[in-house]
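Analysis of the macromolecular model
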Amino acid sequence: IDRGTPAVKSDKQVTLEIDGRSIRVPEGTSVMRAASQAGINIPKLCASDMLDAFGSCRLCLVEIEGRKGYPASCTTPATEGMKVSTQTSKLAEIRRGVMELYISDHPLDCLTCPANGHCELQDMAGVVGLREVRYGYDGENHVFAKTKEGEINLHFAPKDESNPYFTFDPSKCIVCSRCVRACDEVQGTFALTIQGRGFDSKVSASQDNRFLDSECVSCGACVQACPTATLSEKSLIERGQAEHSMITTCAYCGVGCSFRAE
Ligand code: FES
């Protein structure tokens, strides 16, 4: 089970109430993780228990008694006596609104998408009960968004197929930053970054290089972290049969794993 944020070690325990259930967790544990331990799964997209909480997708908002607004449960630490609600009609409305914005800026090609059936965006659309999207998508490689100034055309950058092992398709990116954080926190390569703001924000590899020309070491941490098909492994059919192969030893750590390089 992915509990959304990493486990915390602390000698001090706190007791809080989530949806009427009392739960005791180490001090510093996120509300999201505490809820998960109590069997309550809060919708999420940017959180993963492999990565530090980031709070960018705004899907995991909750209500906390005595606190104004709707804090993100992934970035809010559990405190003694806290009373949290994760399932109210207001939260359901907010989550549907957030998901609607994500889907309005996303190709509607689920049936032919490589992530169909294991896409977290698809799953979350179902979890929050999204039934309709009020903004337009033209079915090609761009969407139209309605603004006060009229309709604007949002062009997506083309796919980056340069890496032999995976494809980067920015049209499917929700800019959750999981790939960037995996590259930094898991791999320590710092090859990826988020550029721009709003509709212009995008993941880029080493200052807008193609993946193959960037500092990416093809470790696959970003592919594993991606909740959609933005970063997806190439199949053998796409890659083609290798012309040569050799057994080599990975130099990354001291374990000395051997693998076949093609
Ligand atoms: Fe908490 Fe994304 S999961 S803001």
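These numbers were taken from a predicted model, which means no experiment stands behind them.

Attention now moves to the overall build of the chain. In terms of regular secondary structure, the chain is built from six helices and 13 strands. Within the chain, buried positions represent 32% of all 262 residues. Long-range contacts, defined as pairs at least 24 residues apart, comprise 58% of the intrachain contacts of the chain with a sequence gap of at least 6.

Attention now goes to the sheet that holds strand S1 (residues 13-18). Spatial strand order, S2-S1-S4-S3: four strands in an open sheet with mixed pairing. Of all the strands in the sheet, just strand S2 (21-26) and strand S3 (63-64) have a single pairing partner and so form its edges. Bridging between S1 and S2 involves six bridges; their strand directions are antiparallel. Bridge pairing in S2 places threonine 15 opposite arginine 24.

With that out of the way, let us pick up unusual backbone geometry. The phi dihedral of aspartate 19 is positive, around 50°, even though this residue is not glycine. The topology assignment puts aspartate 19 in the loop between S1 and S2. By C-beta crowding, aspartate 19 is classed as partly exposed, having 15 other C-beta atoms within 10 Å. Of note, the phi angle at valine 175 is positive, near 55°, even though the residue is not glycine. Inspection of the secondary structure assignment puts valine 175 in the loop between strand S8 (166-168) and helix H4 (178-187).

It is worth spelling out H4 at this point. Those residues of H4 not exposed but buried are Arg178, Cys179, Val180, Arg181, Ala182 and Cys183. Directly after H4, the chain includes glycine 188, whose backbone phi takes a positive value near 70°.

Next up on the list: helix H2 (residues 89-104). Taking 1.5 Å per residue as the helical rise, H2 with its 16 residues ought to reach 22 Å, and the 22 Å between its terminal C-alpha atoms agrees with that figure. Among the residues making up H2, those that are buried are Arg95, Val98, Met99, Tyr102 and Ile103. Seen from one end, H2 has its buried residues packed into an arc of 135°, which puts them on one side. What points out from H2, more than 90 degrees from its buried face, is the exposed set Ser89, Lys90, Glu93 and Gly97. Each element contacted by the buried residues of H2 is listed here: helix H3 (120-127).

Looking at the element boundaries, glycine 66 is found in the loop between S3 and strand S4 (83-85). Between the C-alpha atoms of glycine 66 and glutamine 187, which are 121 residues apart in sequence, the distance is 40 Å.

With that settled, consider the pairing of S1. As paired elements, S1 and S4 share two bridges and run parallel to each other. Along S4, the bridge assignment pairs isoleucine 18 with valine 84.

Another aspect to go through is the environment of glutamine 207. Along the chain, glutamine 207 falls in the loop between strand S10 (202-205) and helix H5 (221-225). For the pair glutamine 207 and glutamine 195, spaced 12 residues apart in sequence, the C-alpha separation works out to 8.6 Å.

With 86% of its residues at a pLDDT of 70 or more, the chain has an overall mean of 88. Across the interfaces of the predicted complex, the ipTM metric reaches 0.99, alongside a pTM of 0.84.

Moving on to the environment of alanine 53. Note on placement: alanine 53 falls in the loop between helix H1 (31-37) and S3. Its 24 C-beta neighbours within 10 Å are what place alanine 53 among the buried residues. Alanine 53 sits 23 residues away from threonine 76 along the chain, and the two C-alpha atoms are 9.3 Å apart. The residues contacting alanine 53, other than those within four sequence positions of it, are Thr5, Ser30, Ala47, Cys74 and Thr75.

What counts and what doesn't
- Residues numbered from 1 in each chain as written.
- Predicted model: local features only at pLDDT ≥ 70, side-chain atom pairs only at ≥ 80, totals over all residues.
- Helix = DSSP H or I, 4+ residues; strand = E, 2+ residues; numbered from the N terminus.
- Buried ≥ 20, exposed ≤ 12 C-beta atoms within 10 Å, placed from the backbone.
- Contact = placed C-beta atoms within 7 Å.
- Pairing = 2+ DSSP bridges.
- Expected span 1.5 Å × (residues − 1).
- Arc of directions from axis to C-beta.
- pLDDT = per-residue confidence, 0-100.

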